[in-house]
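# What the coordinates show
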Amino acid sequence: MTKSSKPPKPGLSRRSFLGSSGAVGAAMGLAGSKAQAQDAPELAAQEQRHISLTVNGQRRTLGVEPRTTLVEALRDVLGLTGTKIGCNQGQCGACTVLLDGRRINSCLTLAVTADGADVVTVEGLADPTGNLHPMQQAFAENDAFQCGYCTPGQILSAIACIDEGHAGDAAEIREYMSGNLCRCGAYPNIVAAVEAVRDGQEG
Amino acid sequence: MRNFDYHRPTDIAAAIEAARADGAEILAGGTTMVDLMKIGVWEPQALVDITSLSELEGYDVGSDRITFGALARMAEVGDDDALKTAAPVLTESLWKAASPQLRHAARLGGNILQQTRCPYFRDTAYAQCNKRNPGSGCAALDGGETNLHAILGGSDACVAMYPGDFAQALVAFDAEVTTKGPGGARTIPFADLHVLPGDTPHIETILNRGEIVTGITVPVTGALKASHYLKARDRESYAFASASAAVGLDMDGDTVRDARIAIGGVAAVPWRARAAEDSLKGGPLTEETAREAGRIAFADAVPLEGSEYKIKLGADVVAGALMTAHARATGGE
Amino acid sequence: MAQTINTAVTRTDAPRKVTGTATYAADVLPAGMLHGALATSSIAVGTLTSLDTSAAEAEPGVVAVLTHETLPDYKTVKGFYAGGPGSASFWPMEGPEIKYAGQPIAYVVAQTAAAARRGAQLISAEYEVGTPNIHMDPADSFVIGAQGDNKGMVTTKGDIDAGLAEAAQTVDVEYTTPFQHHNPMEMFSATAEWRGDRLTVWMPSQSVRTLRGGIAAAYDLPETSVRVISPFVGGAFGSKAGITPYTMLTIAAAKAVGAPVRLIVTRPQMYTVATFRPESVQKFRLGADANGKLTAFEHIEIAQTSQFDAVVNPGTHITRAMYASPNIHTEQRLARSDTNTGGFMRAPNEMQTFFGLEQAMDELAHKVGVDPVEMRRVNDTDRHPVEDVPFSSRSLMECYDSVSEGFGWQNRTPEPGSMTDGDWLVGYGCATATYPTNILASNARVRMQGTGNAYIELAAHDVGTGSYTIFAQIAAARLGLPVGACDVVMGEADLPVAPLSGGSTTAASAGSAVHDACLRIARMVATEVTARSEGPLAGLDPAQVTLDDGVLRGPGGQSQPLVEALAATAAGEVEAVGEFRHPALTDQLIRATFAGGYGTAGPVTPEFAMFAFGAEMAEVHVHRWTHEIRVPRLHGSFAAGTILNRKTAHSQLMGGMVWGIGSALHEITEVDKPRARFLNANIAEYLIPVNADVREVRVEMLDEQDDYVNPLGVKGIGELGIVGTAAAIANAVHHATGKRLRKLPIRMSDLV
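Labelled according to an unreviewed UniProt entry, chain C appears under the name Xanthine dehydrogenase family protein molybdopterin-binding subunit, originating from Pseudosulfitobacter koreensis.

Per an unreviewed UniProt entry, chain B goes by the name Xanthine dehydrogenase family protein subunit M and belongs to Pseudosulfitobacter koreensis.

Here is the structure:
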């Protein structure tokens, strides 16, 4: 919103907001493309760039705008809605995914910059037969969430936390899990879950 | 976010060429750039993604100098064990910043150019912001909330605070920045990189259009080994500094041979406190001299309404940081 | 299967939540869906004089821009505090009037979320600008009750001035609490799809029936034409209870463009398009004799409200129940300022009032020279100090005894500043927690199959509280089935009536309806199997058959597992709708709930006062150099009747205590006074605790039996944990530093 000194626009008619009925129709086709086009789903009609991502081991080609963020590409184009948006500003960690093995905020990552990259989301953690990843199991058993909304991001961050070697003790886990906000306040249980997986791996 | 053209050159000459165009901006980790683009504060017409310039990656912890490529990630550097021993202030100022996710994405070259968190700058609903919209005024100084603004280096046009951590370590330890641009390569003392707001707060650095930060060099000194970054914040992690201090001491017995002090969370640009350093040199480091150095560091501070506390807080943080550095210098830690 | 109650059961929805397959509202992508975005006002008070939408309309991908002039009409929805389902009484985009900063002024629909948000950025507005005040003026306050009068908003018992005059020690103190925002992790969203006159809305909600009823009324539709779906809610804490402007605008936008529209409200916009915790002033005058026994208790609360609603969250009704005193005076007051209407945020009556009360008690204890725990003990009471009815159960001092022992309260040296640990000053503080037991009518449908499954259906919600799990546990215990065989369906308005999930009522009220449905099933099965010629219960009087942990038992020791008896019936399947109608619920209250409102009885009935209690102790460290305040230990013991699930209950109480850390040390919505805007409208600068802020949090849940509150004996625990925390921390800060901080949050800047 900017304040401007442009002349006031005459009152709009009740119908003038619609560009044309054609525009709506076209939009419906496109926005629904997720379910229809498996090969190269696209986000919008203009300024498309085709990128390829390896998502959870599967190579995907998709059309995005330069401004499309990775999280919107995952959710709105590929339909992988397990990754959540909690702030869209890099302030909460709900959108955490592993990008080429590193945990990052997918809301601050432009999808075009991830062209050719390997992405792991929460949908890629359980094995193909549905057995949960140990971190998923540990989160469930330790009640490491309540509402569950931050959980996909927490789990990916927790896996990275151990992989990075930052799960030495509870204090280190707390510090290196502080990029993932949990408004329900499940933090002590999250730490317990990370410790359980760390100890399980050592054992 | 306004849509834009996206370029990803694979050599630096092409990157400079693309970046010198009007409306083009350089993109590395994107943690600041994408954020500000989303909220409409920055609206570049083109982004030049330099992350394919692999020669800008990596870093080296040498015996007389430490060098960082501009694309080195905050996470990899902040967690480096060798660097932790050689220059604790560098690792501490990195891992205490932001979050693990942001540190994995953010690159050092972008980090030092981090933008202010001034809420009036970040919210385009405020018509007044000289940094965002030159000549429009300053909403903060027009009756706004100023408890988080700069008490050092601000001007009548702008009191936005530089929020970064790593830059305080760099300015304290005489780092240099290397760049390449349309005019060739150059080396810039880190202390000269950022410019005070004065009447032109929209001009933030001496970098020219199309000039790309390629690396950072920190000379190894005695004080670097016994250094410390102390960051005071209301939240234990993932928070900007209310006040911070990057310090280092080189002791000759009980006498301070060299002292380094920079202060964060309080100034318009990365802020070296040279008078405070001088007050310590040639004398002992005691709780009393440390506190005096803290007071001197803030002698010129101009508190704004609500930020009076920063003078005392900042001084205490400097003193506390010096006590830790002293312990490190004398084998006490 | 009785052991399923009061045990630690892993959440039944855990597999979905850890795999990303739990479907939150914004995860639904109806075919042909378009994206909405809000443009909001930069000013707080004034009139829109022009709105230029041309740049937005020209933005590629933008399909429509709706303004107050082009938005399709719908009937205005009444605000909650005016007895309606809305989050506020004033609805934006009905005209050019601007009453708060961040008020929606235009709605952009586009093919992508990015294009919609860009379109919203491109709208430019001009205003005639008025002069706003974002802070209330406590001197300009007034008394008003929920019904527009001042009924019940002033309490007088005895003579407060006489009580103060006879006191050995008095305190006359004022505490302030700031605006706070819920900031659930899930952003507000609404997705609306019209098919002819039938409407489906996906929206995270604490009250799907409130939503459906309000929406149907706004469009003159029968409720059967409106579906509201909210199976998973990413945190609510009071913010997702009513119908908000963004809901109604999205529904209207979907109607206008003839396609489904999804709006995800931006995090900054979440600060202005819904409710928040109003700022407040808490004034206390207390007097005590030489032993600490209260002689006078006065509490005046002044809370902020908008210009167009009266947000009455009567905290004085809770504080006055706490301690015995012969002389009591309380007043509930409001003062207006230019914001959207606030509402309820986790412990809306209690968090801020107990920050005041429990510090005032600490201050008085300090003056009298008694231990703060003893101060509470000498003033404990088994009767409500004002209403003069007994408490249905009150285990406050048991909580203090429990928490004192585990915490090591006896190690506290009374003198402030007398305890240290290296560079840290150490302080111990304690405070009381309480939460009223609110009672609401509820229904629940249970269908049981002789093959050993049960389906539990009700329009309740799991906002992270564990409702899916505890309803399955209740059914499992009653029906004699494994928890995993009990499938709970919730979060749809079409399901049997359950109340708004707020006020810590879901487990007690809706859980009791589930319980009742199971008993009805048992009666139906007993009726059928006793009428048969064969079987263990054949020929018995069904009225004499009882249900005992999933087993039907006759008077002569005959027994048959319910599931076996059911398998022997003709259909092998039975269905019943259970009801919870507490004797304290009047017809009017029951009707209110069934109409989508909040028809609550309690916490005081003609017979009893019903409250849950707790005691909290905090260890606070204040750093010598940085003045940083940290909470290495926070312990709480709570007594809240029956604990259904020790795992999820522990999480709820712990989560409440973590919220208390946030309130004590972090949370404040800062304001830009000249322009009356919320300044730190994000979750980087609006601080909430991160993992590193939360160290040892110990929760003890005491056994407590209460046969009056409901058949399950359940009180509420969703809010209890936050209530005493901020005061316990503030009291510990005083003990560590000698500084008494009478405002929230307590920051480094207060201690330099």
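## What about a negative patch on the surface?
Residue and element names in this part refer to chain B. Judged by side-chain charge, D11, E55, E57 and E76 come together as a negatively charged surface patch. Relative to the helices and strands, D11 is located in the loop between strand 1 (5–7) and helix 1 (12–19). Residue classification places D11 among the partly exposed residues on the basis of a relative accessible area of 38%.

## Topic: the pairing of strand 10 (residues 189–195) of chain C
All names here are of chain C. For strand 10, a buried count of 6 out of 7 residues is recorded, marking the element as mostly surrounded by other parts of the structure. Examined bridge by bridge, strand 10 and strand 13 (residues 261–264) share 4 bridges and lie antiparallel to one another. Each residue of the ladder has a partner; that of S189, found in strand 13, is I264. Linkage of strand 10 to strand 11 (residues 198–202), two consecutive antiparallel strands, is achieved through a turn of 2 residues, within which G196 is found at a positive phi near 65 degrees.

## Comments concerning the UniProt feature "domain: Aldehyde oxidase/xanthine dehydrogenase a/b hammerhead" (unreviewed entry) in chain C
UniProt's entry tags residues 19–131 of chain C with the feature "domain: Aldehyde oxidase/xanthine dehydrogenase a/b hammerhead" (unreviewed entry), counted in the numbering of this structure. Annotated as 13% helix and 30% strand, the span residues 19–131 of chain C places its first and last C-alpha atoms 51 Å apart.

## As for the pairing of strand 11 (residues 255–264) of chain B
Residues and elements named next belong to chain B. Most of strand 11 is tucked away, with 8 of its 10 residues classed as buried. As judged from the 9 bridges shared by strand 10 (residues 243–252) and strand 11, these two strands associate in the antiparallel manner. Within strand 11, the position partnered with V247 by the bridge is I261. In textbook terms, the turn of a hairpin is the stretch between consecutive antiparallel strands, and for strand 10 and strand 11 this stretch comprises 2 residues, one of which, G253, has a positive phi near 65 degrees. Bridge analysis of strand 11 against strand 12 (residues 271–272) gives 2 bridges, and the strand direction is antiparallel. Within strand 12, the position partnered with A262 by the bridge is R272. Adjacent in sequence and paired antiparallel, strand 11 and strand 12 are bridged by 6 residues, among which G265 carries a positive phi angle near 75 degrees.

## Some remarks on the domain arrangement of chain C
All names here are of chain C. Split into domains, chain C comes out as domain 1 (2–16 + 439–593), domain 2 (32–131 + 186–236 + 240–271) and domain 3 (138–180 + 277–437 + 610–750). The distance between the C-alpha centroids of domain 1 and domain 3 comes to 37 Å. Taken as a group, N6, I439 and S504 account for 26% of the area that domain 1 buries against domain 3, more than any other trio of residues on that side. Along the contact surface separating domain 1 from domain 3 lie 13 residue pairs in polar contact (both at pLDDT 80 or more). For the side of domain 1 that touches domain 3, the secondary-structure elements that each account for two or more residues are helix 11 (467–479) and helix 12 (506–530). In terms of residue class, the side of domain 1 that touches domain 3 is built from 9 nonpolar, 15 polar and 2 charged.

## Focus on the interface of chain A and chain B
In this complex, chain A contributes 33 residues to the contact, which on the side of chain B involves 34 residues. When the two sides are added together, the surface that chain A and chain B hide from each other amounts to roughly 2,800 Å², 50% of it contributed by carbon and sulfur. Considering only the surface of chain A that becomes buried against chain B, A:R67, A:L108 and A:E175 emerge as the three largest contributors, covering 22% of it. The interface formed by chain A and chain B contains 0 salt bridges. Inspection of the region where chain A meets chain B yields 17 residue pairs in polar contact (both at pLDDT 80 or more).

## Observations regarding the domain arrangement of chain B
Here the domain parsing of chain B yields domain 1 (5–52) and domain 2 (223–329). Inter-centroid distance (C-alpha atoms) of domain 1 of chain B to domain 2 of chain B is 36 Å.

## Brief notes about the interface of chain A and chain C
Across the boundary between the two partners, chain A contributes 76 residues, which contact 96 residues of chain C. Regarding the contact of chain A and chain C, the summed buried area is about 6,700 Å², with carbon and sulfur atoms giving 56% of it. At the junction of chain A with chain C, the criterion picks out 7 salt bridges. A:R75 is the partner of C:D27 in a salt bridge, and the nearest nitrogen-oxygen pair spans 2.9 Å. Applying the counting rule to chain A against chain C returns 26 residue pairs in polar contact (both at pLDDT 80 or more). Those elements that place two or more of their residues in the side of chain A that touches chain C are strand 1 (2–3), helix 1 (21–31), helix 3 (70–77), helix 4 (134–141), helix 5 (151–163), helix 6 (170–176) and helix 7 (187–202) of chain A. If you tally residues by element for the side of chain A that touches chain C, the top one is helix 1 of chain A, at 6 residues. Grouping the constituent residues of the side of chain A that touches chain C by class yields 36 nonpolar, 22 polar and 18 charged.

## With respect to helix 17 (residues 725–737) of chain C
All names here are of chain C. Between its first and last C-alpha, helix 17 extends 18 Å over 13 residues, near the 18 Å set by a 1.5 Å rise per residue. Taken across its 13 residues, helix 17 has 12 buried, putting it largely inside the fold. Taken as a whole, helix 17 has its buried residues at T725, A726, A727, A728, I729, A730, N731, A732, V733, H734, H735 and A736. Two residues or fewer past helix 17, G738 is found with a positive phi of approximately 80 degrees.

## Quick word on the environment of C:Q332
Residues and elements named next belong to chain C. By the secondary structure assignment, Q332 is in strand 16 (residues 328–336). Sequence separation between Q332 and T316 is 16 residues, and the spatial gap between their C-alpha atoms is 6.4 Å. With near-sequence residues (within four places) excluded, Q332 lies in contact with F142, V143, I144, M153, E301, N313, P314, G315 and T316. At 2.7 Å, the side chain of Q332 forms a polar contact with the side chain of E301.

## Notes on the side chain of C:N183
Relative to the elements of secondary structure, C:N183 occurs in the loop between strand 9 (169–177) and strand 10. Overall, the relative accessible area of 4% leaves C:N183 in the buried class. In this structure, C:N183 is in contact with A:R183, C:R267, C:Y271, C:I683 and C:Y686, ignoring residues within four places of it in sequence.

Scoring rules and cut-offs
- Residues numbered from 1 in each chain as written.
- Chains lettered and ligands numbered in written order.
- Predicted model: local features only at pLDDT ≥ 70, side-chain atom pairs only at ≥ 80, totals over all residues.
- Heavy atoms only, no water.
- Patch = residues over 30% accessible without salt bridge, like charges linked within 9 Å, V, L, I, M, F, W, Y side chains within 5 Å.
- Areas by Shrake-Rupley, 256 points an atom, 1.4 Å probe, with all protein chains shown as cover.
- Salt bridge = Lys/Arg side-chain N within 4 Å of Asp/Glu carboxyl O.
- Lys, Arg positive; Asp, Glu negative; His and termini not counted.
- Charge placed at Lys NZ, Arg CZ, Asp CG, Glu CD.
- Helix = DSSP H or I, 4+ residues; strand = E, 2+ residues; numbered from the N terminus.
- Buried < 20%, exposed > 50% of the residue type's maximum accessible area, 1.4 Å probe, protein only.
- Pairing = 2+ DSSP bridges.
- UniProt positions renumbered as here; feature names shortened; annotations may be inferred.
- Domains from an automatic or database assignment.
- Buried area = accessible area lost by both parts, 1.4 Å probe.
- Polar contact = N/O pair within 3.5 Å; in protein donor to acceptor, adjacent residues only side chain to side chain.
- Nonpolar A, V, L, I, M, F, W, Y, C, P; charged D, E, K, R; others polar.
- Contact = heavy atoms within 4.5 Å.
- Expected span 1.5 Å × (residues − 1).

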